[in-house]
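Coordinate inspection notes
Okay, here's what each chain looks like letter by letter:
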Amino acid sequence: GIGHSVTVASVGAHEVVPTSAVYSATKFAAWAVTEGLRLESDPSLRVTTVTPGVVESELAESISDPQARTAMKVYRKDAIAPDAIARAVSFAIAQPADVDVNEIVVRPARQRA
């Protein structure tokens, strides 16, 4: 009779930059579906969307275009560790049953755009 659904989206759900329209659309869709679940569910189901900014990953290494790979490495130079996102999820689910943390945006302190 109780539960907690957590969706990990991206700050791309809230901002669109050149060449990111499709990516941002998918992240907005994840946010919107999760928000719909929150609004349409019984209050015993808590619902949270975590929207990370730049997080360390192997993404840049999988890009075959040299210019794009370099650009991604520069973009990710101030990335935060994945455990920052895990801590945000842990925070949301650790709240008492009467508290529903709807959304948490987690960005590197140096990411201002």
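Below is a summary of the structure that appears in this document.

Focus: the pairing of strand E1 (residues 3-8)
Where E1 lies against strand E2 (residues 45-52), six bridges are found, and the strand directions are parallel. Each bridged residue has a counterpart across the sheet, and for Ser 5 the counterpart in E2 is Val 47. After leaving E1, the chain enters helix H1 (residues 21-40) and then returns to the sheet as E2, a path that is right-handed.

Things to note about a nonpolar patch on the surface
A contiguous nonpolar patch, built from Val 6, Val 8 and Ile 93 and spanning about 220 Å² of accessible area, is present on the exposed surface. Position of Ile 93 among the secondary structure elements: in helix H3 (residues 82-94). On the basis of relative accessible area, Ile 93 is assigned to the partly exposed category, the value being 44%.

Some details on the side chain of Ser 24
Here Ser 24 shows up in helix H1. Within the structure, Ser 24 has its side chain in polar contact with the backbone oxygen of Glu 15 (distance 3.0 Å). Aside from chain neighbours lying at most four places away, what touches Ser 24 is Gly 12, Ala 13, Glu 15 and Val 16.

Description of H3
The first and last C-alpha atoms of H3 sit 19 Å apart over 13 residues, in line with the 18 Å expected at 1.5 Å per residue. If you check which residues of H3 are buried, you get Ala 84, Ile 85, Ala 88 and Ala 92. Down the axis of H3, the buried set is contained in an arc of 100°. They therefore lie on one face. Along H3, exposed side chains directed more than 90 degrees from the buried face belong to Arg 87 and Ala 94. Contact partners of the buried residues in H3: E1, E2 and strand E3 (103-106).

Describing H1
Two residues of an α-helix separated by three or four positions point the same way, owing to the 3.6 residues in each turn. The first and last C-alpha atoms of H1 sit 28 Å apart over 20 residues, in line with the 28 Å expected at 1.5 Å per residue. Among the residues making up H1, those that are buried are Ser 24, Thr 34, Glu 35 and Gly 36. Here the buried face of H1 lies against E1 and E2.

Remarks on the pattern of salt bridges
Following the criterion strictly, the structure yields five salt bridges and no others. Notably, a salt bridge pairs Lys 77 with Asp 78, separated by 2.9 Å at the nearest N-O pair. Exposure remark for Lys 77: the relative accessible area of 59% places this residue in the exposed category. Here Asp 78 and Arg 110 are joined by a salt bridge, their closest N and O atoms 3.9 Å apart. Of the two residues, Asp 78 is situated in the loop between helix H2 (66-75) and H3 and Arg 110 in the segment after E3; the sequence distance between them amounts to 32 residues. Note on Arg 110: relative accessible area 67%, which makes it exposed. Residues joined in a network through salt bridges with shared partners are Lys 77, Asp 78 and Arg 110.

Reading guide: rules and limits
Residues numbered from 1 in each chain as written. Predicted model: local features only at pLDDT ≥ 70, side-chain atom pairs only at ≥ 80, totals over all residues. Heavy atoms only, no water. Pairing = 2+ DSSP bridges. Helix = DSSP H or I, 4+ residues; strand = E, 2+ residues; numbered from the N terminus. Right-handed = clockwise from strand over helix to strand, strands pointing away. Patch = residues over 30% accessible without salt bridge, like charges linked within 9 Å, V, L, I, M, F, W, Y side chains within 5 Å. Areas by Shrake-Rupley, 256 points an atom, 1.4 Å probe, with all protein chains shown as cover. Salt bridge = Lys/Arg side-chain N within 4 Å of Asp/Glu carboxyl O. Buried < 20%, exposed > 50% of the residue type's maximum accessible area, 1.4 Å probe, protein only. Polar contact = N/O pair within 3.5 Å; in protein donor to acceptor, adjacent residues only side chain to side chain. Contact = heavy atoms within 4.5 Å. Expected span 1.5 Å × (residues − 1). Arc of directions from axis to C-beta.

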